[in-house]
Amino acid sequence: MVAGENGSVEDPWRRARALMAGLPDGGLNISHEAADRHVAAGRGDVTALRWLGKDGSRRDISFAELAEQSGRFAGFLTSAGVEPGSVVAVLLGRVPELHVAALGALKAGAVVCPLFAAFGPEPIRERLLRGRARVLVTTPQAYRAKVAALRAELPDLDTVLLVGDGAADLEGALDFRAAIGACAPMPPVSTRPEDPALLHFTSGTTGRPKGALHVHEAAVMHAFTGRGVLGLRKGDVYWCTADPGWVTGTSYGIVAPLALGVTSVVDEGEFDPSRWCAILQDEAVTVWYTAPTAIRLLMRAGAEFARSWRYPALRHLASVGEPLTAEAVEWGRAAFGHPFHDTWWQTETGAIMVANAAGADPVPGSMGRPVEGIEAAVVRRDGDRIMPVRDGDLGELALRAGWPSMFRAYLDDDERYRACFVDGWYLSGDLARRDEQGHFWFVGRADDVIKSSGHLIGPFEVERVLMRHPAVAEAGVIGKPDAVAFEIVKAFVVLRPDCNADEAMRRDILAFARRQLGAAVAPKELAFADALPHTRSGKVLRRLLKANETGAPPGDLSTLEGRGQP
Ligand code: 6R9
């Protein structure tokens, strides 16, 4: 599946498109690919989701049930006047209603915007507002704690549906179960391949989060890589551990496995080494897609510990989201009998672009080679052109534009979108090297975005909240290297003149940030500074803050930055 670059681009896409059933009139709707097509093919009884509740309960949901339930939700949306193209935001944990809501929205022709359940009110407000979300599906708890107070600021949000007990008691919101129970199932709207389907907010260095927009045709790439890179095939029991609030949780937690007719384990519980090993064993997981932070936590528990369970069904282990060390790759072999296969991609690419594919030994420490049909290169920007660098040299990882799951826009920001492309190539903002065998090696980011426990965090979003604290005059936020989470969010704060830089103040600012941003995004560490370093144009020089923190030289990467930065 993973070919050298420069392969014919035409053929793989034709083959990839053949993985889609399509609609009779030539339409393409992800919800049809993910559910209804399997029912039509007589496979409605196959288990689509094997849900494991945090309290030990379990439930199997068949493709037929998923098709029916999502059809009902589509019916509800349509009867509520939600037109195709409207945004339906989903703020839920790992529960089957997440799949029903996402597929139902797609079925009605709406655009799904997944939100991370661990976000605080501020990132949620920002995304609902910027996405002009008309509908929100969430839980009574999340609604009460994070959304209810914001309703007046969200004029577009006219319908809120709540999943779970207590939903009926909250004013201004409907009970999800009751609402869909009252509606007849609706077949998918015949969307075109280029119609918008998914809106993923992602973070940049500067400014607010960017809404990366994907179209229904993205499913072509999800299925193609699900099969070719993760090796998924019918009969598999697949477990993608990514949170549904992030892009991996949608592309490979929902779309890819369902489109391929594969059974997915959906675990509501939080990470726990024993729970995870038991799931791999007891559910007879065959393909497991996870992330380096989880792998490092398992490594802490030890290979011996992991070997207390048995994994005869397990066939393939893959990883995404952060650098995967050679040691972690090999540890997979010692603990589970198979090495972890690293894969690389981004919210903007929509699907895996560079990978160690299933069926071959991975190159430990390398992200692998470009996926079939993808042309990847390591380049340097030179004005409005890009120059490939020599094998082994450092440059920016670039992809030739035009693959099916490429993002089609940043919501309301054409300029920023255009700035990502030079000379027909998409520039990823990641620094990498390619070796003579064509393997890609991750080096770091060309900008200041932070990766913590696999989640992409924009420093500006954190700084903006810190600056709202009455004692804060200025803030600079960086990712501080961390042995488990890869990076943790660290803030440097200059206080206003009459404020005391003491422990009580530190705690107060950290708690303030946590209330607004949520624990997953808020700084874990905070240091007071008399002043922050600035660029000539007056921006905080985060790179210098980071270099001071790590002892590494800041380096001169000036030619590599500038993804839409002024
Ligand atoms: C899918 C996802 C994208 C950024 C990306 C890079 C980092 C992803 C990686 C990796 C090293 C890998 N990243 N995969 N770094 N090795 N295999 O994570 O999307 O949240 O948009 O993050 O994550 O820096 O640019 P997203």
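Reading the values: rules and limits
Residues numbered from 1 in each chain as written. Predicted model: local features only at pLDDT ≥ 70, side-chain atom pairs only at ≥ 80, totals over all residues. Heavy atoms only, no water. Near = heavy atom within 4 Å. Polar contact = N/O pair within 3.5 Å; in protein donor to acceptor, adjacent residues only side chain to side chain. Areas by Shrake-Rupley, 256 points an atom, 1.4 Å probe, with all protein chains shown as cover. Helix = DSSP H or I, 4+ residues; strand = E, 2+ residues; numbered from the N terminus. Nonpolar A, V, L, I, M, F, W, Y, C, P; charged D, E, K, R; others polar. Pairing = 2+ DSSP bridges. Buried < 20%, exposed > 50% of the residue type's maximum accessible area, 1.4 Å probe, protein only. Contact = heavy atoms within 4.5 Å. Axes fitted to C-alpha atoms, helices over the stretch in contact; angles between N-to-C directions.

*Asks:* Which parts of the structure should I look at to understand the site of the ligand?
*Replies:* Around the ligand, the surrounding shell holds 18 residues, and the nearest of these are Asp-342, Thr-343, Gln-346, Thr-347 and Arg-445. Residue Asp-342 places a side-chain N or O atom 2.8 Å away from a nitrogen atom belonging to the ligand. Here an oxygen atom of the ligand sits 2.6 Å away from a polar atom, N or O, in the side chain of Thr-347. When isolated, the ligand has an accessible area of 530 Å², and the protein chains bury 98% of it. Elements with a contribution of two residues or more to the shell around the ligand: helix H9 (247–259), strand S14 (340–344) and strand S23 (440–445). Looking at the shell around the ligand element by element, the count peaks at three residues for S14. Tallied by class, the residues present in the shell around the ligand amount to eight nonpolar, five polar and five charged.

*Asks:* Is there a simple way to think about the pairing of S23 in this case?
*Replies:* The side chains of a regular strand alternate between both faces of the sheet. With five bridges connecting them, strand S22 (residues 425–434) and S23 associate as antiparallel partners. The residue bridging Arg-434 from the neighbouring strand is Phe-440, located in S23. Between the end of S22 and the start of S23, which pair antiparallel, lie five residues, with Gly-438 showing a positive phi angle near 90 degrees.

*Asks:* How should helix H11 (residues 292–301) be read in this particular structure?
*Replies:* The periodicity of an α-helix, 3.6 residues per turn, causes residues three or four places apart in sequence to face the same way. With seven of 10 residues buried, H11 lies mostly within the body of the structure. Among the residues of H11, those classed as buried are Pro-292, Thr-293, Ala-294, Ile-295, Arg-296, Leu-298 and Met-299. As for H11, its buried residues are in contact with helix H10 (273–282), strand S12 (287–290), strand S13 (316–319), helix H13 (326–336), S14 and strand S27 (486–495). Gly-302, located one to two residues past H11, shows a positive phi value of around 105 degrees.

*Asks:* Is there a simple way to explain the sheet that holds strand S10 (residues 237–240) in this structure?
*Replies:* The nine strands lie next to each other as S2-S1-S11-S10-S12-S13-S14-S15-S16, forming an open sheet whose pairing is mixed. Lying at the two open borders of the sheet, with one neighbouring strand each, are strand S2 (58–62) and strand S16 (369–370). In this sheet, S2 lies alongside strand S1 (residues 47–52) in antiparallel orientation, the contact comprising five bridges. Looking across to S2, one finds that Trp-51 is bridged to Arg-59. Along the sheet, H11 contacts S12, S13 and S14; its crossing angle with S12, the most-contacted strand, is approximately 105 degrees.

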